[in-house]
Amino acid sequence: MAGVSSLNHFPCKTLSVSSLNLNSGSKTLSFPANSIGLTILNASGRTPISIADPVRVRPVYQVRAVSDDEWEPEKVDEEKEREAAVAVAKDEENLRDQVQIDTLKKLLVDSFYGTDRGLRATSETRAEINELITKLEAKNPTPAPTDALALLNGKWILAYTSFAGLFPLLSGGRLPLVTVGEISQTISSLNFTVQNSVQFSGPLAKSSISTNAKFEVRSPKRVQIKFEEGIIGTPEITDSIVLPENVEFLGQKIDLTPLKGLISSVQDKASSVVKTFSNGEPLKFPLLNRKNAQSWLLTTYLDDELRISRGDGGSIFVLIKEGSTFL
């Protein structure tokens, strides 16, 4: 066995033990795992004890209890990545839907051009409009409109209708010197009221006819409307009578040039008569006992600028929110 002197041949520090007391009261010795060639003298100092083999150290293992609710880091990271991927996919799907909705809305509003709010729409145009409406209804972003009264609230302008009951009124715009203006519906979600209004103008004044009603929510999409009164608005005097060169009536053009001189001579007298009416209160009349005093309305599409509703008999109303770029 190699002694202490043998360690001098290695390029490392040497350990020399000349004497060590191994009495029974001495502390237990421990040696490094890579110690070799140590010569230790016994208590008498005569018989050497040689330890050539390295001391083997038993590995120490630590065991930690893990609860059932505790996830391993790898699993937590995978779950987060999966949730993030689902969120991104959902955002992309919503973006695609919004692009499709915006495209359909533009096509629908463009198809109203030249139809005079539906009065002059041909059968082909009506079929095209109905198809676009059906596609929009399938992508309705507000499936329960009566739960979103804040969106319903406000003034809506009629852009198109298939309701035949409005056609005689719209036809009034074809009468000589009469123009049918804005047709609107104003909803107050605070008071649960609806006001339908039609504006029209003639040679001397502008006025309006409106109806006031209460509504009750009957389902997520349907409201029941109960009309209470009609109102003929106070005439608004125009500055002067402006006659066109001619008007079309029943397919015939009527030359109005000879009437211009006559109109100018009676304008002052006519204006004084209209002023008498304009100084009065609006004319109100009850509607509660009328046969058609109640109706219902089904909202099938609703966002912040476009509303599609269906009424009795399947009639369609397309309205645009006041202030929208579609107007």
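This part is about the overall build of the protein chain. Along its length, the protein chain carries 5 helices and 14 strands. Each of the 327 residues in the protein chain was classed as buried or not, and the buried ones make up 30%. Carbon and sulfur atoms provide 55% of the accessible area of the protein chain, an area that totals close to 22100 Å².

Considering all chains together, one arrives at 11 salt bridges under this definition. Of the charged contacts in the structure, one is a salt bridge between Asp97 and Lys139, with a shortest N-O distance of 3.9 Å. On the criterion of sequence distance, the pair formed by Asp97 in helix α1 (residues 73–111) and Lys139 in the loop between α2 (123–138) and α3 (149–152) is long-range, its members being 42 residues apart. Classification of Asp97 by relative accessible area gives partly exposed; the value is 28%. Between Lys105 and Glu305 there is a salt bridge whose closest N-O contact spans 2.8 Å. Linking Lys105 in helix α1 with Glu305 in the loop between β12 (294–302) and β13 (306–310), this pair joins segments that are 200 residues apart in sequence. Here Lys105 matches Glu305 in class, with each residue buried. Because the salt bridges share partners, they merge into one network encompassing Lys105, Asp303 and Glu305.

Quick look at the packing of aromatic side chains now. Evaluation of the coordinates by the stated rule reveals 3 aromatic pairs. Note on Phe112 and Tyr160: the rings are 5.2 Å apart at their centroids and 5 degrees apart in plane angle, and the pair reads as stacked. Taken together, the residues span a long stretch of sequence, with Phe112 in the loop between α1 and α2 and Tyr160 in strand β3 (residues 154–161) at a distance of 48 residues. Of the residues examined, Tyr160 reaches a relative accessible area of 1% and is grouped as buried. Their ring planes at 50 degrees and their centres at 5.8 Å tell us that Phe163 and Phe317 sit as a pair that is tilted. Of this pair, Phe163 sits in the loop between β3 and α4 (167–171) while Phe317 sits in strand β14 (residues 316–321); the two residues are 154 residues apart in sequence, bridging distant segments of the chain. Exposure remark for Phe163: the relative accessible area of 34% places this residue in the partly exposed category.

Turning to the side chain of Arg307, a few remarks are in order. You can see Arg307 is positioned in strand β13. Among buried charged residues, Arg307 stands out as having no salt bridge; its nearest opposite-charge side chain is Asp303, 9.2 Å away. There is a polar contact of 2.6 Å between the side chain of Arg307 and the side chain of Gln185. Separated by 3.1 Å, the side chains of Arg307 and Ser309 make a polar contact. Once residues lying within four places of it in the same chain are set aside, the contact partners of Arg307 are Leu152, Trp156, Gln185, Ile187, Leu297, Thr299, Tyr301, Leu302, Phe317, Val318 and Leu319.

Before going further, it helps to spend a moment on the nonpolar core. Judged by nonpolar contacts, the single largest core of 23 residues is most densely connected at Leu158, Ile183, Phe215, Ile225 and Phe317. With residues near it in sequence (within four places) discarded, Ile225 still touches Ala213, Lys214, Phe215, Ala293, Gln294, Ser295, Trp296 and Leu297. Formed by 18 residues, the second largest nonpolar core is a distinct cluster that contains Leu108, Val109, Ile129 and Ile320.

Here the focus is the environment of Glu182. With respect to the secondary-structure elements, Glu182 resides in strand β4 (residues 179–188). Assessed through its relative accessible area of 27%, Glu182 is described here as partly exposed. Between the C-alpha atoms of Glu182 and Leu158, which are 24 residues apart in sequence, the distance is 7.7 Å. Contact partners of Glu182, with chain neighbours within four places excluded, come to Arg117, Lys155, Ile157, Ser197, Val198 and Gln199. Within the structure, the side chain of Glu182 is placed 2.9 Å from the side chain of Lys155, a separation counted as a polar contact.

Where strand β7 (residues 222–232) meets β12, 5 bridges bridge the pair, whose relative direction is antiparallel. If you follow Lys226 over to β12, its bridge partner there is Gln294. Bridge count between β12 and β13: 4 bridges; the pairing is antiparallel. Considered in β13, the bridge of Tyr301 is made with Ile308. Between β12 and β13, which pair antiparallel in sequence order, lie 3 residues.

So, how was this worked out
- Residues numbered from 1 in each chain as written.
- Predicted model: local features only at pLDDT ≥ 70, side-chain atom pairs only at ≥ 80, totals over all residues.
- Heavy atoms only, no water.
- Helix = DSSP H or I, 4+ residues; strand = E, 2+ residues; numbered from the N terminus.
- Buried < 20%, exposed > 50% of the residue type's maximum accessible area, 1.4 Å probe, protein only.
- Areas by Shrake-Rupley, 256 points an atom, 1.4 Å probe, with all protein chains shown as cover.
- Salt bridge = Lys/Arg side-chain N within 4 Å of Asp/Glu carboxyl O.
- Phe/Tyr/Trp six-rings, centres within 6.5 Å; stacked < 30°, edge-to-face > 60°.
- Lys, Arg positive; Asp, Glu negative; His and termini not counted.
- Polar contact = N/O pair within 3.5 Å; in protein donor to acceptor, adjacent residues only side chain to side chain.
- Contact = heavy atoms within 4.5 Å.
- Core = buried A, V, L, I, M, F, W, Y, C linked by side-chain atoms within 4.5 Å.
- Pairing = 2+ DSSP bridges.

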